Amino acid sequence: MASGRRTAALLALLAATLVVGLEEQQQEEQREEQQQQEEPQEEQQEEQQGARGCPGRCRCEEDGLLRRLHCSDLGLSEVPQELSVFTSYL
């Protein structure tokens, strides 16, 4: 009888361990998924906000090593400062 109780207790412990392990794995997968979804959004925001050398409100596009700046219809009165040396189109 004692052997049966020990076996049942071990099986219950094993089941609980598996459940916790599966929950942790699911949480990790969800974190990775969320991170993958956020990365493209962050890159797009950086490009729009000028974090990669795009001046002011201009919109930038990478063209290989070169960069194209789109500053039309922004009411600018002068050429934006801090242009990248890789700017090929303004």
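Our subject is the structure listed above.
Computed from a predicted structure; not experimentally measured. (Residues numbered from 1 in each chain as written. Predicted model: local features only at pLDDT ≥ 70, side-chain atom pairs only at ≥ 80, totals over all residues. Heavy atoms only, no water.)

Undergrad: Please explain the overall build of the chain as it appears in this structure.
TA: When helices and strands are counted, the chain shows 1 helix and 3 strands. Counting from the amino terminus, the chain carries its helices and strands in the arrangement α-β-β-β. Expressed as a percentage of its 90 residues, the buried residues of the chain come to 10%. Put simply, of all contacts in the chain between residues at least 6 apart along the chain, 8% involve residues at least 24 apart. Summed over its atoms, the accessible surface of the chain is roughly 7,800 Å², and 50% of this surface lies on carbon and sulfur atoms. (Helix = DSSP H or I, 4+ residues; strand = E, 2+ residues; numbered from the N terminus. Buried < 20%, exposed > 50% of the residue type's maximum accessible area, 1.4 Å probe, protein only. Contact = heavy atoms within 4.5 Å. Areas by Shrake-Rupley, 256 points an atom, 1.4 Å probe, with all protein chains shown as cover.)

Undergrad: Explain the sheet that holds strand E3 (residues 87–89) to me, please; I cannot follow it from the model alone.
TA: Sheet strands associate in pairs through backbone hydrogen bonding, adopting either a parallel or an antiparallel arrangement. Ordered by their spatial adjacency, 3 strands build an open sheet running E1-E2-E3, and the pairing between neighbours is mixed. Every interior strand has two partners, whereas the edge strands, strand E1 (59–63) and E3, have only one. Here the average twist between neighbouring strands, direction ignored, is 40°. Both E1 and strand E2 (residues 66–70) contribute to a ladder of 5 bridges, which runs antiparallel. (Pairing = 2+ DSSP bridges. Axes fitted to C-alpha atoms, helices over the stretch in contact; angles between N-to-C directions.)

Undergrad: Could you clarify how one ought to interpret a nonpolar patch on the surface in this entry?
TA: Residues Leu65, Leu66, Val85 and Phe86 make up a contiguous nonpolar surface patch of roughly 470 Å² in combined accessible area. Relative to the helices and strands, Leu66 is located in strand E2. For Leu66, a relative accessible area of 39% corresponds to the partly exposed category. (Patch = residues over 30% accessible without salt bridge, like charges linked within 9 Å, V, L, I, M, F, W, Y side chains within 5 Å. Salt bridge = Lys/Arg side-chain N within 4 Å of Asp/Glu carboxyl O.)

Undergrad: In this structure, what is going on with the pattern of salt bridges? I would like to understand it.
TA: Two side chains that carry opposite charge are able to pair once their charged atoms sit near each other. Per the stated rule, a full pass over the model turns up 3 salt bridges. For Arg31, the salt bridge is made with Glu28, and the minimal N-O distance between the two is 2.9 Å. Separated by 3 residues within a single helix, Arg31 and Glu28 lie in helix H1 (residues 2–49), roughly one turn from each other. Assessed through its relative accessible area of 46%, Arg31 is described here as partly exposed. Of the charged contacts, one joins Glu61 and Arg59 as a salt bridge, the two residues approaching to 3.1 Å between their closest N and O atoms. Residue classification places Glu61 among the partly exposed positions, given a relative accessible area of 34%. Given the relative accessible area of 44%, Arg59 is considered partly exposed.

Undergrad: Looking at this structure, I do not really get the state of the cysteines. What am I missing?
TA: Put plainly, a disulfide is one covalent bond tying together the sulfur atoms of two cysteines. Under the counting rule described, the total for this entry stands at 2 disulfides. Through a disulfide, Cys54 is tied to Cys60; the S-S separation comes to 1.9 Å. Taking the sign of the S-S torsion, about 100° here, the bridge from Cys54 to Cys60 comes out right-handed. As far as the burial class goes, Cys54 and Cys60 line up, both buried. Sequence-ordered numbering of the bonded cysteines in the chain yields a pairing of 1-3, 2-4. (Disulfide = S-S within 2.5 Å.)

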